Structures are given as structure tokens and as C-alpha cells.
Amino acid sequence: KKKKKRKFANTQHPIDASGVLEAAKFARWDEFKNRLLGHTELSFVDFNELPPGRSFGVVHQICFNGNRDALERLLELHPRVDLKLLTKYEQTCMEVAEEEGADDDFLEC
């Protein structure tokens, strides 16, 4: 018998495939910067949605970790990233940052 191939079985959301989300999630900022700069195929559209099965997008991971430089770098390269994008739990990135105790300097981004 032949196994039926599952459609999209080996495809990933571009943000997951690029490693940008994972680098932000684990606060590996040098890797984040290199992956962000190296994956020129990514667009603001990719950043403006939650990858399947994820609770947070890249912007939420950055804010969770309170890294203003990373947020500014992302917005510099992709100025149309939606800072009002909601997590699976209906929070914006700044609400995530505030919940995680970000300082006032970060919250004024």
C-alpha cells in the first residue's frame, strides 16, 4: 500500500522556517539580528500573523524579553509590523511587555 501524502506536511510558516521567532523567543539577540537581516524574503505580512500553533508572534517575543534594540531593528526593516497584533490570549505586544515588568523606557517605544 502507498502511504497517502499529507498536504503541507513539510511546510512551515516563513517566520518559523527562518528561525527569527525562535531566536527572539530564547533571547538570542545576535542570532535574531543575523536571521532578520539574512532572510530578506520575509515581509511585514509574515510578521503580522501568528504562525500556526503559536501563542506569540515575533513582536510579542521581543516585548516579552524587553529588548528595545531588537524591536527598533525589526521596525526599521519592516515599518509596517503591526504593534497591535494580538497574541492567542488577546494581548498586544506592549501589554505583554507591561505584564513582564518592562521598564518605562521600553514601554515608550
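Calculation criteria
Position numbers for residues start from 1 in each chain and track the written sequence from start to end. In keeping with the model being predicted, local features are shown solely for residues with a pLDDT of at least 70 and side-chain atom pairs are shown and tallied solely at 80 or more, while totals for entire chains, interfaces and linings include all residues. Note that the side-chain values use all heavy atoms of the structure and ignore hydrogens as well as water. We call a residue buried when its accessible area falls under 20% of the maximum for its residue type, exposed when it is over 50%, and partly exposed in between, using a 1.4 Å probe and counting protein chains only. Only DSSP runs of H or I with at least four residues qualify as helices, and only runs of E with at least two residues qualify as strands; both kinds are numbered from the N terminus onward. The arc in question is the one traced by the directions running from the helix axis out to the C-beta atoms. By definition, residues are in contact when any of their heavy atoms lie within 4.5 Å. For patch detection, residues must exceed 30% relative accessible area and be free of salt bridges, and they are connected within 9 Å for like charges or within 5 Å for nonpolar side chains (Val, Leu, Ile, Met, Phe, Trp, Tyr). For the area figures, the Shrake-Rupley method with a 1.4 Å probe applies, and any residue is considered shielded solely by the protein chains shown. Any carboxyl oxygen of Asp or Glu that lies within 4 Å of a side-chain nitrogen of Lys or Arg is treated as forming a salt bridge with it. When charges are counted, neither His nor the chain ends are considered; positive counts come from Lys and Arg and negative counts from Asp and Glu. Where a charge lies is defined by one atom per residue type, namely NZ (Lys), CZ (Arg), CG (Asp) and CD (Glu).

K.L.:
An account of helix 6 (residues 68–77) is requested, with residue identities and associated values reported.
P.N.:
The complete set of buried residues in helix 6 reads A70, L71 and L74. Down the axis of helix 6, the buried side of the element spans an arc of 100°, and every buried residue falls inside it. Residues D69 and E76 are exposed on helix 6 and point more than 90 degrees away from its buried face. On its buried face, helix 6 sits against helix 3 (29–38), helix 4 (44–47), helix 5 (58–65), helix 7 (93–99) and helix 8 (104–107).

K.L.:
How would you explain a negative patch on the surface if you had to name every residue and give the values?
P.N.:
Together, E95, E98, E99 and E100 line one region of the surface with negative charge. Here E98 is to be found in helix 7.

K.L.:
How would you sum up the pattern of salt bridges? Please name residues and give values.
P.N.:
With the rule as written, the count across this model stands at five salt bridges. Taken together, the salt bridges that share partners define one network made up of E22, R28, E31 and R35.

These values are about where atoms sit, not about what they do.
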